[in-house]
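# Per-entry structural report
Here is how the chains run, residue by residue.
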Amino acid sequence: LIRESLELSIDSLKHRKISSTLTILGIVIGITAIISLLSIGEGLQYAVTEQLEAVGSDKIIVSSAGDFFSSFMGEGLKDDDIDMVQDVNGVDVAFGILFKTIPVRYRKENMIGQVIGMRIRDAEKIFVDMNVWEVDSGRYFKSGEKGVAMLGKKAAEDVFEREISIGDTVYVKEENFKVIGILKSTANNQRDKSIFIPMEQLRDMTDTKDAITMIFAKVSDVSKAEDIAEEIEEELNDQYGEGYYQASTSQQIAEGVGSIIAILSFVLGGIASIALVVAGVGISNTMFTSVMERTKEIGVMKAIGATNYNVMEIFLIESGILGFFGGLIGTILGFIISQIITALAGTIIPVPFKAIVSIEMVIFSLLFSFFVGIISGIWPARRAAKLQPVDALRR
Amino acid sequence: MIIESLEISIDTLKHRKTSSLLTILGIVIGISAIISLLSIGVGLEQSISEQLEGMGSDKIMVMPGSGGGLDISAMTAESLTDDDVETIEGVSGVKMAAGLLFKTLPVKFKDEVVSVYVSGGTADAYNKMFLDMKVFEINEGRTIRNGERGVAAIGYLIVDSVFENKVNIGDSIYIKNKKFKVIGNLKSIGNSQDDQNIYIHLDDMREIVGGKESLTMIYVQVSNTNNIDNIAEKIKDKLEDKYGENTITALTSEQMAEMTSSIFSILTFVVGGIASISLVVAGVGIANTMFISVMERTKEIGVMKAIGATNYNVMEIFLIESAMLGFLGGSIGCAIGYILSIIINVVAVGSLPITFEATVTPEMIILGLAFSVVVGIVSGIWPARRAAKLQPVEALRYE
């Protein structure tokens, strides 16, 4: 019987072509908007995960507690803390950096740049043992060296108007540094724009005694990373008191950023869903008209033995189909738009970005639109089902 | 003739009640969403520009960097020095200048530690900022006096929101284990970040963080607002002579206000744009309703034409009908959007960390009404043309 109802519904939809097409169009617009917005959110999520993979999930980052800015601005950690972290069970290697934003110059071009201080003796750990950053060209710091700098990929290529090569001189606070190495791109924009110089020199020129901004640690067993991070945090709590510092695995950091993106795309998707509600109202409207036009037909059906349930079924299937078709076309259009966004993004923003339509999104939007169709159909379908055969025939 | 068309339209709308109501409902939902979202955007924008206006129009903020103070580097840079404050004070037209050093530091009160923004400034600087420049105003207690160390003034939110216990005047707080006595608290500035600030002496700050003479930002007050732009430019030039091109940003309060409000406008525009999609869908609904209306009244149209109605007359009737659907939806939508904005103010604002008032402006109402009428008319054009083009003979034959 469902099959019969299905056929009846399709017939009636075909019969009222313009009306059906317009009703479906409403759902199409709504779903297209939702899919393309969500695809941007999904793409951002993916970019974050990719960054995490670039950093490696076996890293722990120790910094001042608080929000994003605090972790960059806090300088409470000391050299001793690096040794403490290094000594925690399960930590392979640990090193600290000092992060400063100070004037830098290349040739005649001045700017306020990000400068990272690195202990020379940590260089081997960073580039060989931990392999956090890789040398693209040139070499890393040798012990005892002063007045030398390594540049992030973007610091060398994009930050200044003229590209910097190995052997060139850059100035940090008017002290000269010879460029000895350039790092490979790290998927971390901030890091790629940084200039790396010996820690002692950065401390001297900024009057920072033995403070560091962050400690990076690499653990030998990824599965224990979270436990180790907790242990480090406890050690710091014992020393400085509760709440001053935090140790997070790269996984936890990515999750943090990911959840912000998720909230954002949820809000935007929610606003776009209003369009779907309006489309649902449109379906109700079309269905009411359909019921009205077919009052006589319903009377005949009932007279020859159709139950209320049969009648309701026919109309619900009709409205469900309207929703489903709209969802289907909308999903396809949304997918096409997401491809266009990906293509355009490459030309507008410098970071690689890909809008992604996931299978979950497709299933969700098909179900959602079908559901909207059914819900919008309930009221008109009930009205059709409750018609008295005699009254209906008399019209 | 228009009045007649209007009457015919109203009659039809009344006749097809359910259908008209549902069509209008679509517009109502769309417009009320747009109005309430815009009201939030405008409210946020206003609260920020009010706050900047509170600073007075005679202020210039000097920061390192060329990014206009909105990137991380400007927030974290500490490349300005005490000398620069003197340099700025030497610029003609500058009334006073005050340097500040910002840091995020762990602050302990009773047994609770929270990371908050701490500003270091000289007693002189605070006197200028709190008393003369009125950037911030004292609520209770007093500001830091000359030669006084180990004392702190706290922002509005530090008093009773940041820590579990209320921080009273005379209480002790610990910034990185250094003890400070609270001697005053400030009135709300309306911005959660500034209201969560703790103000201590610059020397105390430098003792805590190490660092001899660096500053994050310099506040400047000019004596005559007329040439404030020139003065800002002069300060920038003077400092860039020292640091090099593109290393300094000097923003007047007006420029700051413009910058922040343009960011909010973009945001409001994007969100409003997404919400407008629902209006397009509602427009499709109007077109649909109008098609059905044309179909149902084919015979009527035939009669009208037979007794002399022109194509134009017929089209007019249907366009008025669709415009009316849009207008009614728009009016109700504006009303509901307004009510929603009031509800937002009652429910949301209290629970959010920022203070703002969702505001429905007359422009928004006019825009909402105009937009919905346009949507109505545009959606009606295609069905109305079809009605107008019907041949009377065929239309009369239609069952």
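Note on numbering: residues in each chain are counted from 1, in written sequence order. Whichever chain is written first becomes A and whichever ligand is written first becomes 1, with later ones labelled in order. Owing to the predicted nature of the model, reporting of local features is limited to residues with pLDDT of at least 70; listing and counting of side-chain atom pairs is limited to 80 or more, with chain, interface and lining totals taken over all residues. Based on all heavy atoms of the structure, the side-chain values leave hydrogens and waters out of the count.

### Let's talk about a negative patch on the surface
Residues and elements named next belong to chain A. A contiguous patch of negative charge on the surface is contributed by D80, D83, D87, E226, D227, E230, E231, E234, E235, D238, E242 and E255. Runs of H or I in DSSP of at least four residues are treated as helices and runs of E of at least two as strands, each being numbered from the N terminus. Elements represented by at least two residues in the negative patch include exactly helix 4 (79-87) and helix 9 (225-240). No other element matches helix 9, which puts seven residues into the negative patch. The patches reported here contain residues having more than 30% relative accessible area and no salt bridge. Joining distances are 9 Å for like charges and 5 Å for nonpolar side chains (Val, Leu, Ile, Met, Phe, Trp, Tyr). Surface accessibility in these figures is a Shrake-Rupley result with a 1.4 Å probe; residues are shielded only by whichever protein chains are displayed. Any carboxyl oxygen of Asp or Glu within 4 Å of a side-chain nitrogen of Lys or Arg constitutes a salt bridge here. Charge counting treats Lys and Arg as positive and Asp and Glu as negative, with His and both chain ends excluded. To locate a charge, the coordinates of NZ of Lys, CZ of Arg, CG of Asp or CD of Glu are taken.

### What to know about the interface of chain A and chain B
Residue contacts follow a heavy-atom distance rule, with two residues in contact if any of their heavy atoms lie within 4.5 Å. Each partner contributes residues to the interface: chain A has 52 residues there, and chain B has 53 residues. Put simply, chain A and chain B have zero salt bridges between them. Counting residues per element, the ones that place at least two in the side of chain A that touches chain B are helix 2 (17-55), helix 3 (68-73), strand 3 (91-106), strand 4 (109-118) and helix 10 (250-293) of chain A. The element that contributes the greatest number of residues to the side of chain A that touches chain B is helix 10 of chain A, accounting for 14 residues. Per-class residue counts for the side of chain A that touches chain B are 26 nonpolar, 18 polar and eight charged. In the scheme used here, Gly and all other residues not listed as nonpolar or charged are polar, with Ala, Val, Leu, Ile, Met, Phe, Trp, Tyr, Cys and Pro taken as nonpolar and Asp, Glu, Lys and Arg as charged.

### What about empty space enclosed by the protein?
In this approach the atoms are scanned with a rolling probe the size of a water molecule, which exposes any empty space left behind. Of the two site types, the cavity is a set of points on a 1 Å grid over the protein atoms alone where a 1.4 Å probe fits but cannot get out, and the pocket is an open set with protein on both sides within 12 Å along at least five of seven lines, each lined by residues with an atom within 4 Å of a point. Grid points are joined across faces, edges and corners, and a volume is the space filled by probe spheres set on the points. Overall, the coordinates contain four cavities of 30 Å³ or more when judged by the stated rule. What the largest cavity holds in volume is close to 160 Å³. Looking at the lining of the largest cavity, the elements that each hand over two or more residues are helix 2 and helix 10 of chain A together with helix 2 (17-54) and helix 10 (253-296) of chain B. With eight residues, helix 10 of chain B is the largest single contributor of residues to the lining of the largest cavity. The residue inventory of the lining of the largest cavity, partitioned by class, reads eleven nonpolar, ten polar and no charged.

### Section: the nonpolar core
Residues grouped as a nonpolar core are buried Ala, Val, Leu, Ile, Met, Phe, Trp, Tyr and Cys residues, joined through side-chain atoms within 4.5 Å. Partly exposed describes any residue whose relative accessible area lies between the buried limit of under 20% and the exposed limit of over 50%, with all areas from a 1.4 Å probe on protein chains only and scaled to the type maximum. Counting residues in hydrophobic clusters, the biggest one holds 63 residues, and the most contacted among them are A:I27, A:I298, A:F315, B:I27, B:I301 and B:F318. Among all residues touching A:I27, those that are not within four sequence positions of it are A:L276, A:A279, A:I283, A:G323, A:G326, A:G327, A:S369 and A:V372. In terms of nonpolar packing, the next biggest core, distinct from the first, is built from 45 residues, A:V85, A:V115, A:V172 and A:M205 among them.

### Some words on the pairing of strand 3 of chain A
All names here are of chain A. Of all 16 residues in strand 3, 14 are buried; the element is thus mostly enclosed. Pairing of strand 3 with strand 11 (residues 214-219) involves six bridges; the strand directions are antiparallel. Bridge pairing in strand 11 places F95 opposite F216. One ladder, built from ten bridges, connects strand 3 with strand 4; its direction is antiparallel. When DSSP locates at least two bridges between a pair of strands, those strands are taken to pair.

### What about the pattern of salt bridges?
Residue and element names in this part refer to chain A. Under the definition given, this model contains 20 salt bridges over all chains. Between K184 and E134 there is a salt bridge, with its nearest N and O atoms 3.6 Å apart. In this pair, K184 is assigned in the loop between strand 8 (175-183) and helix 7 (189-192) and E134 in the loop between helix 5 (123-129) and strand 5 (135-138), connecting sequence segments 50 residues apart. Overall, the relative accessible area of 38% leaves E134 in the partly exposed class. With a shortest N-O distance of 3.5 Å, E157 and K153 are connected by a salt bridge. One end of the pair is E157 and the other is K153, both in helix 6 (residues 153-159) and four residues apart, which spans about a single turn.

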